[in-house]
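Breakdown of the fold
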Amino acid sequence: MKRYISTLCTMLACALLVTSCLKDDTTNDTQYYNDTAIVTFKLATINRYIHTTSLTGADSVYKSTLSDPVVFTIDQAQHKIYNTDSLYSDVDLNHVLATVSSKNSGTVVVNYPAVDGTDSLLFYSSTDSIDFEKLRDLRVYAQDGSSYRSYQVTINVHKAKTGVLLWEQKSAADLPIDTKKALWEQAAETAGMSLIGYGSAEGYAFANDGMLMVSKDNGETWTADSLDEDAAWLPTSNYAFTSWPFAANDSTDYQLLVGSNDNQSEGCVVWRKIAEYSKRSLPSKWVLIPIENHNHYYLPKMENLNLVYFSGKVLAIGNNKKIYVSRDQGITWKTDSKYTLPDELGTSNVTATTDKDGYLWLVGKDTGEVWRGLIIE
């Protein structure tokens, strides 16, 4: 902003005087309003500088431009402007384009503190950036120059870092209780099988002969489930399962089963099933996702493997203290600097689960420690 207005009130008074001198007997009196207010406030453009780490460990920063990212409240009684939905922690508040409008065509002015502590007033322009880190207040002057209103502007941002997995240590009493899992485990054990996992309407278990079994009546009866490949390719050890609602279809789960198999030396075998539960649905079957020759991002074999659906992605956590992320429902698996385990985690032998509130939980099997993770987008 280059238009300083140290004589703002004088200019308004001169404008009134000139208008008065120009009028004649045939000219109607011009009315100048003596009241005004800021009636709209938006962030037209604000930049976000996102720090990333490549697979090689190199740091980089890229800029993302946000347009009108949040809604602002204008409290006319207390002369305050603020947002209740916080912005990302890595936004640049020093160079922001804002859209501001006033009642009765009042003149909007940006007020920064001068070096000597006095006011330093600048005309507002929608094409000039505002430094909200330094801003003292926004003012709007009435047309007749008789008064102005001052607004304190607060742009709230997340105090915690956004876009990365944040961890806090909790106690065993904080752990969510999965009563449904306990019932499925009991039903599978009663039938002499080992529970794999469960979805919205079906539970899965391995029989003693390695056959993949399914129950559609809460474990009362079990039958062999359908496969598109030989059962010899099913996981035989260190297997893990997860299920989540499939957004493309109603009454449908997308499910993954991964684990080690001696027939595949390079990585885990990955099976997926799209389980449909509506009345006219066709029977679903498990499909083996092969490791293509060009795919170098397969899920490595690990002991103590966990599979969870978290923050819209599938995460695999094993005993190598890494988190592998799949964004394509099990085809490729990559590590990501956004998804890391707690630095203070004292074991590689953990159980991972999620809860209905969007948290990721880790429990050390040998240490008993409990961690809760969350990503603030």
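A quick note: this is a predicted structure, and the numbers were derived from the prediction, not measured.

**Here we look at the side chain of T36**
Mapped onto the secondary structure, T36 falls in the loop between helix 1 (8-22) and strand 1 (38-53). When its relative accessible area of 6% is taken as the criterion, T36 is described as buried. Polar side-chain contacts of T36 include one of 2.6 Å to the backbone oxygen of K103. Excluding residues within four positions of it along the chain, T36 makes contact with S102, K103, G106, V140, Y141, A142 and R149.

**Considerations on the sheet that holds strand 10 (residues 165-170)**
Across the sheet, four strands lie side by side as 10-25-24-23; this open sheet has antiparallel pairing. Either end of the sheet is taken by a strand with one partner, and the two such strands are strand 10 and strand 23 (350-354). Averaged over all pairs of adjacent strands, the angle between strand axes in this sheet comes to 25°, irrespective of strand direction. Bridging between strand 23 and strand 24 (residues 360-364) involves five bridges; their strand directions are antiparallel. For T354, the partnering residue across the bridge sits in strand 24 and is L360.

**A few points about the environment of V270**
Looking at the element boundaries, V270 is found in strand 17 (residues 264-276). The class for V270 is buried, based on a relative accessible area of 5%. Once the C-alpha coordinates of V270 and G330 are considered, the two residues, 60 residues apart in sequence, prove to be 6.9 Å apart. Sequence-distant contacts of V270, that is, excluding residues within four places in its chain, are made with L256, L257, V258, V287, L288, I289, G330 and W333.

**Some remarks on the side chain of D253**
Residue placement: D253 occurs in strand 16 (residues 252-261). No salt bridge is formed by the buried D253. Its closest oppositely charged neighbour is K180, at 7.7 Å. Side-chain polar atoms of D253 contact the backbone nitrogen of S200, separated by 2.6 Å. Polar contacts involving the side chain of D253 include one to the side chain of Y277, which spans 2.9 Å.

**Quick word on the nonpolar core**
F41, L43 and F132 are the most contacted members of the largest nonpolar core, which totals 28 residues. Of all the elements in the fold, those that place two or more residues in this core are strand 1, strand 5 (97-102), strand 6 (107-113), strand 8 (137-141) and strand 9 (148-154). Top contributing element to this core by residue count: strand 1, with four residues. Excluding residues within four positions of it along the chain, F132 makes contact with F41, L43, L93, V96, A98, V153 and I155. Formed by 17 residues, the second largest nonpolar core is a distinct cluster that contains L165, F310, I317 and L341.

**Some words on empty space enclosed by the protein**
Within the structure shown, the criterion is met by one cavity of 30 Å³ or more. The calculated volume of the largest cavity comes to roughly 60 Å³. Taken together, C268, V270, I289, P290, I291, N295, Y298, L299, G330, I331 and W333 form the lining of the largest cavity. In terms of residue class, the lining of the largest cavity is built from nine nonpolar, two polar and no charged.

**Some remarks on the pattern of salt bridges**
All chains considered together, the criterion is met by eleven salt bridges. With a shortest N-O distance of 2.4 Å, E168 and R372 are connected by a salt bridge. With a gap of 204 residues between them, E168 in strand 10 and R372 in strand 25 (residues 370-375) connect regions that are remote in the sequence. With relative accessibility at 34%, the residue E168 sits in the partly exposed group. D357 is paired through a salt bridge with K356; the nearest N and O atoms lie 3.6 Å apart. Each member of the pair, D357 together with K356, is exposed. One continuous salt-bridge network, built from bridges that share partners, spans D119, R136, D137 and R139.

Reading the values: the criteria
Residues numbered from 1 in each chain as written. Predicted model: local features only at pLDDT ≥ 70, side-chain atom pairs only at ≥ 80, totals over all residues. Heavy atoms only, no water. Helix = DSSP H or I, 4+ residues; strand = E, 2+ residues; numbered from the N terminus. Buried < 20%, exposed > 50% of the residue type's maximum accessible area, 1.4 Å probe, protein only. Polar contact = N/O pair within 3.5 Å; in protein donor to acceptor, adjacent residues only side chain to side chain. Contact = heavy atoms within 4.5 Å. Pairing = 2+ DSSP bridges. Axes fitted to C-alpha atoms, helices over the stretch in contact; angles between N-to-C directions. Lys, Arg positive; Asp, Glu negative; His and termini not counted. Salt bridge = Lys/Arg side-chain N within 4 Å of Asp/Glu carboxyl O. Core = buried A, V, L, I, M, F, W, Y, C linked by side-chain atoms within 4.5 Å. 1 Å grid on protein atoms, 1.4 Å probe; cavity = no way out; pocket = protein on both sides within 12 Å on 5 of 7 lines; lining within 4 Å. Points joined across faces, edges and corners; volume = space filled by probe spheres on them. Nonpolar A, V, L, I, M, F, W, Y, C, P; charged D, E, K, R; others polar.

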